Amino acid sequence: MKILITGFDAFGGEAVNPSWLSVSRICQEAGDELTLIGACLPTEFSGSLTMLQQLVESHRPDLVIAVGQAGGRSSISLERVAINIDDARIPDNAGWQPIDEPIHPAGEAAYFSSLPIKAIVQALRTAGIPAEVSNTAGTYVCNHVFYGLMHLCRHLPGMRAGFVHIPYLPEQAAKQPGAPSMALDDMVRALAIILRISLDSGTDLRLNAGTEC
Ligand code: PCA
């Protein structure tokens, strides 16, 4: 089984991005039984998807897990859905700030993750790690990458893929009193569980994880 796992570089004035820190650590720590390809995507609308597409085309992975930082969230968020829109609150690292632009003008309005997100949430909670199903990956670079990834999957039916958002690290939250955080060790432990459940589970569990407004 070949797995591609990606994080992002720092953005929005932060010095680090926990997604790349945790992804690079899991790649160092993974045993020989997994072929893990780790990559740090630029936090740029254009550059991120170009790089992801090249990685998928050259490695042809069986599983792709894209990971990004969601500052302000308190749990590991298994993203359910990617939407076909870019609407940037801040410019990306290349200075680009698209507003209300479709990612693929002729593409579907949305794509669902093909990861077993409910089974993953259950396994993470059982391991003592806060986790949730999220129904929005935002409208910035993470949603852009998630949408582009699922758009690629149309032609690669054997490839399972999805997106995971992770909280701030304690050192990031310390600068923003009240913001929740998670230790890097727990994030790395979470990624190991996400990989294992994604590889082991067939169809997802039918558990309630929805919300009402
Ligand atoms: N988080 C941003 C982009 C890069 C990252 O780690 C987002 O949620 O869109």
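Our structure is the block above this text.
As the structure is a prediction and not an experimental result, all values here were calculated from the model.

Helix-helix packing is characterised by the crossing angle of the two axes and by the distance between the axes. It is the contact of helix α2 (residues 45-59) with helix α4 (residues 141-153), at a shortest axis distance of 10 Å, that shows an interaxial angle of 35°. Helix-helix and strand crossings are classified by hand; for α2 and α4 the assignment is right-handed. When α2 is examined against α4, the residues Phe 45, Ser 48, Leu 49, Leu 52, Gln 53 and Val 56 are found in contact with a partner set consisting of Val 141, His 144, Val 145, Gly 148, Leu 149 and Leu 152. Split into classes, the residues belonging to the contact of α2 with α4 amount to 8 nonpolar, 4 polar and no charged.

For the ligand, the full set of nearby residues is Phe 8, Phe 11, Asn 17, Thr 43, Gly 68, Gln 69, Tyr 140, Val 141, Cys 142 and His 165. Here the ligand loses 94% of its free accessible area of 260 Å² to cover by the protein chains. One can see that the ligand is located within the largest pocket. Broken down by secondary-structure element, the contributors of at least two residues to the shell around the ligand are β3 (63-69) and α4. Grouping the amino acids of the shell around the ligand by side-chain chemistry returns 5 nonpolar, 5 polar and no charged.

On to the layout of surface pockets, then. Quantified by volume, the largest pocket comes out at close to 530 Å³. Lining of the largest pocket is provided by 24 residues; of these, Phe 11, Gln 69, Gly 71, Arg 89 and Tyr 140 occupy positions nearest its centre. For the lining of the largest pocket, the secondary structure elements donating two or more residues are β3 and α4. Here the residues of the lining of the largest pocket are counted per class, giving 10 nonpolar, 10 polar and 4 charged.

With 17 residues, helix α6 (residues 184-200) extends 24 Å from end C-alpha to end C-alpha; this agrees with the ideal 24 Å at 1.5 Å per step. Taken residue by residue, α6 has Met 187, Val 188, Ala 190, Leu 191, Ile 193, Ile 194, Leu 195, Ile 197 and Ser 198 as its buried positions.

This part takes up the environment of Gly 162. You can see Gly 162 is positioned in strand β8 (residues 160-166). Once the C-alpha coordinates of Gly 162 and Glu 79 are considered, the two residues, 83 residues apart in sequence, prove to be 7.2 Å apart. Sequence-distant contacts of Gly 162, defined by excluding residues within four places in its chain, comprise Val 64, Ile 65, Ala 66, Ser 113, Leu 115, Phe 146, Leu 149 and Met 150.

Moving on, we come to the sheet that holds β3. Strands belonging to one sheet form pairs held by backbone hydrogen bonds; the direction of such a pair is parallel or antiparallel. Pairing is mixed across the open sheet formed by 6 strands, whose spatial order is β2-β1-β3-β8-β4-β7. Both outer strands of the open sheet, β2 (35-41) and β7 (131-134), are each paired with one neighbouring strand and no more. The sheet shows a mean angle of 25° between the axes of neighbouring strands, direction not considered. The pairing of strand β4 (residues 76-79) with β8 spans 2 bridges and is classified as antiparallel.

Calculation rules
Residue positions are given per chain, counted from 1 along the sequence in the order it is written. Reporting of local features is limited, given that this is a predicted model, to residues whose pLDDT is at least 70; pairs of side-chain atoms are given and counted only at 80 or more, and all residues count toward the totals for whole chains, interfaces and linings. Excluding hydrogens and water, the side-chain figures rest on all heavy atoms present in the structure. Throughout, an axis means a line fitted to C-alpha atoms (over the contacting stretch in the case of helices), and angles, computed between N-to-C directions, take values from 0 to 180 degrees. Counting from the N terminus, the helices are the DSSP runs of H or I reaching at least four residues and the strands are the DSSP runs of E reaching at least two. Each crossing is labelled by how the near helix is turned from the far one, with a counterclockwise turn of less than a right angle marking it left-handed and a clockwise turn marking it right-handed. Contact definition: two residues touch when any of their heavy atoms are within 4.5 Å. As a working rule, the residues Ala, Val, Leu, Ile, Met, Phe, Trp, Tyr, Cys and Pro are called nonpolar, Asp, Glu, Lys and Arg charged, and the rest polar, with Gly in that last group. The nearness test applies per residue and asks whether one of its heavy atoms lies within 4 Å of the molecule or strand. We get accessible surface area from the Shrake-Rupley algorithm with a probe of 1.4 Å; when it comes to residues, only the shown protein chains can shield them. In this analysis, the protein atoms alone were mapped onto a 1 Å grid. Cavities are point sets where a 1.4 Å probe fits without being able to get out; pockets are open sets with protein on both sides within 12 Å along at least five of seven lines; lining residues have an atom within 4 Å of a point. For a cavity or pocket, the test is whether more than half of a molecule's atoms lie within 2 Å of its grid points; if they do, the molecule sits there. Grid points are joined across faces, edges and corners, and a volume is the space filled by probe spheres set on the points. For a helix, the expected span equals 1.5 Å multiplied by the residue count minus one. The classification of residues rests on relative accessible area computed with a 1.4 Å probe and restricted to protein chains. Under 20% of the type maximum is buried, over 50% is exposed, and intermediate values are partly exposed. Here a strand pair is declared whenever DSSP counts at least two bridges between the two strands.

Taken by themselves, the reported measurements are silent on function.
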